Amino acid sequence: MANNKDYRGGCLLLTIAALGFICQVVFLTLKLCGAVAWHWAIVLIPLMVIFGLPILFVFLYVLLRLPSEVARNIQRKKRVDAEAAKYGMERQPGETTGELKKRIITRNLIAGEYSRKDLKDHLLQKFPDCASCAFLVNNQPGAPALVIIVKKADTFVNGSPIFNKFTDEELAAIYAEAIRYIDPKYRVTIKNKEIEAI
């Protein structure tokens, strides 16, 4: 739906620009041929509309949208600073809010204070070929175990999916990345997601 609106908006702007260009050519022709005695300011109105409207739209967008964006960024900065303060961390000179947030996440992952959802998001971001990641946990006393199940993104040939699997080397790389953030008490294994029969 949003794409249709964008498409209609683009068509409207192109139509206005085309009409303005045609009017400008007609007005210039009439003026140069002496058919009208208009002032040059009137003759160039279509040109001013063609270039003035986009500038006006940009100005209004900045005027109306910028204050809310600035306020949102200030709130986010305060929120991240407060979160960093909980862990005894401070914003370094020149450090952006995104960089500070990344430091907080890394620190929490290493400390084991992030949930499996956070670890899942981290692995999916680190390995773009990973389509899904799930954890099976067994907290049996004396032998806690955790199984990481990953699924490689499918490829499609003539519209039909080809179910891919990670190689042993790729699984080892994912395992090596995940094991750093998992409590050492768990015996961790990793495997490909089994393909369910249709």
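Before any of the text, the structure's been laid out above.
In this text the structure is predicted, and so the values were computed from the model without any measurement.

### Examining the overall build of the protein chain
Within the protein chain, the secondary structure is distributed over 6 helices and 5 strands. Its helices and strands taken in sequence order, the protein chain reads α-α-α-α-α-β-β-β-β-α-β from the N to the C terminus. Sorting the 198 residues of the protein chain into buried and exposed places 21% on the buried side. A fraction of 35% describes how many contacts in the protein chain between residues 6 or more apart in sequence connect residues 24 or more apart. About 14400 Å² of surface is accessible on the protein chain, with carbon and sulfur atoms providing 63% of the total.

### Structural notes on the packing of helix α5 (residues 116–126) against helix α6 (residues 168–179)
Between α5 and α6, the shortest axis-to-axis distance is 11 Å and the interhelical angle comes to 140°. Looking at the two axes, α5 sits oblique to α6. Remark: the crossing between α5 and α6 carries right-handed chirality. Residues Leu119, His122, Leu123 and Lys126 of α5 touch α6, and the partners they reach there are Ile174, Glu177 and Ala178. Class assignment for the residues of the contact of α5 with α6 results in 4 nonpolar, 1 polar and 2 charged.

### Notes on the pairing of strand β1 (residues 130–138)
Of the pairings in the sheet, the one linking β1 to strand β2 (residues 145–152) comprises 8 bridges and is antiparallel in character. Considered in β2, the bridge of Ala134 is made with Ile149. Counted along the chain from β1 to the antiparallel partner β2, the turn is 6 residues long, and its residue Gly142 has a positive phi close to 90°.

### Here's the deal with the environment of Leu28
Inspection of the secondary structure assignment puts Leu28 in helix α1 (residues 2–33). For the pair formed by Leu28 and Val43, sequence separation is 15 residues and the distance between their alpha carbons is 6.5 Å. Beyond its immediate chain neighbours, meaning those up to four positions away, Leu28 contacts Trp40 and Val43.

### A few points about the nonpolar core
Counting residues in each nonpolar core, the largest one holds 18 residues, and the members touching the most others are Leu123, Ile148, Val150 and Ile182. For this core, the elements supplying multiple residues, two or more each, are α5, β1, β2, α6 and β5 (187–192). For Leu123, the residues in contact, after removing those within four places along its chain, are Cys133, Phe135, Ile174, Glu177 and Ala178. One finds Ala84, Met89, Leu100 and Ile104 within the second-largest nonpolar core, a separate group that totals 5 residues.

Calculation criteria
- The residue numbers shown here count from 1 along each chain, following its written sequence.
- Where totals are concerned, whole chains, interfaces and linings use all residues; where local detail is concerned, this predicted model gives features only for residues with pLDDT of at least 70, and gives and counts side-chain atom pairs only at 80 or more.
- Side-chain numbers come from the whole structure's heavy atoms, not from hydrogens or water.
- Comment: elements are numbered from the N terminus, with helices defined as DSSP H or I runs of at least four residues and strands as E runs of at least two.
- Under the scheme applied here, a residue whose accessible area is under 20% of the maximum for its type counts as buried, over 50% as exposed, and between as partly exposed, the area being computed with a 1.4 Å probe on protein chains only.
- Contacts were defined at the residue level, with two residues in contact if any of their heavy atoms lie within 4.5 Å.
- Surface accessibility in these figures is a Shrake-Rupley result with a 1.4 Å probe; residues are shielded only by whichever protein chains are displayed.
- The axes are straight lines fitted to the C-alpha atoms, using for helices just the contacting stretch, and the angles between their N-to-C directions are given from 0 to 180°.
- The scheme is simple: roughly parallel for angles under 35 degrees, roughly antiparallel for over 145, roughly perpendicular for 65 to 115, oblique for anything else.
- In this scheme the crossing of two helices becomes right-handed for a clockwise turn of the near helix relative to the far one and left-handed for an anticlockwise turn of less than a right angle.
- In this classification, Asp, Glu, Lys and Arg are treated as charged, Ala, Val, Leu, Ile, Met, Phe, Trp, Tyr, Cys and Pro as nonpolar, and every other residue, Gly included, as polar.
- Two strands pair if DSSP finds at least two bridges between them.
- Residues belong to a common nonpolar core when they are buried Ala, Val, Leu, Ile, Met, Phe, Trp, Tyr or Cys residues joined through side-chain atoms within 4.5 Å.

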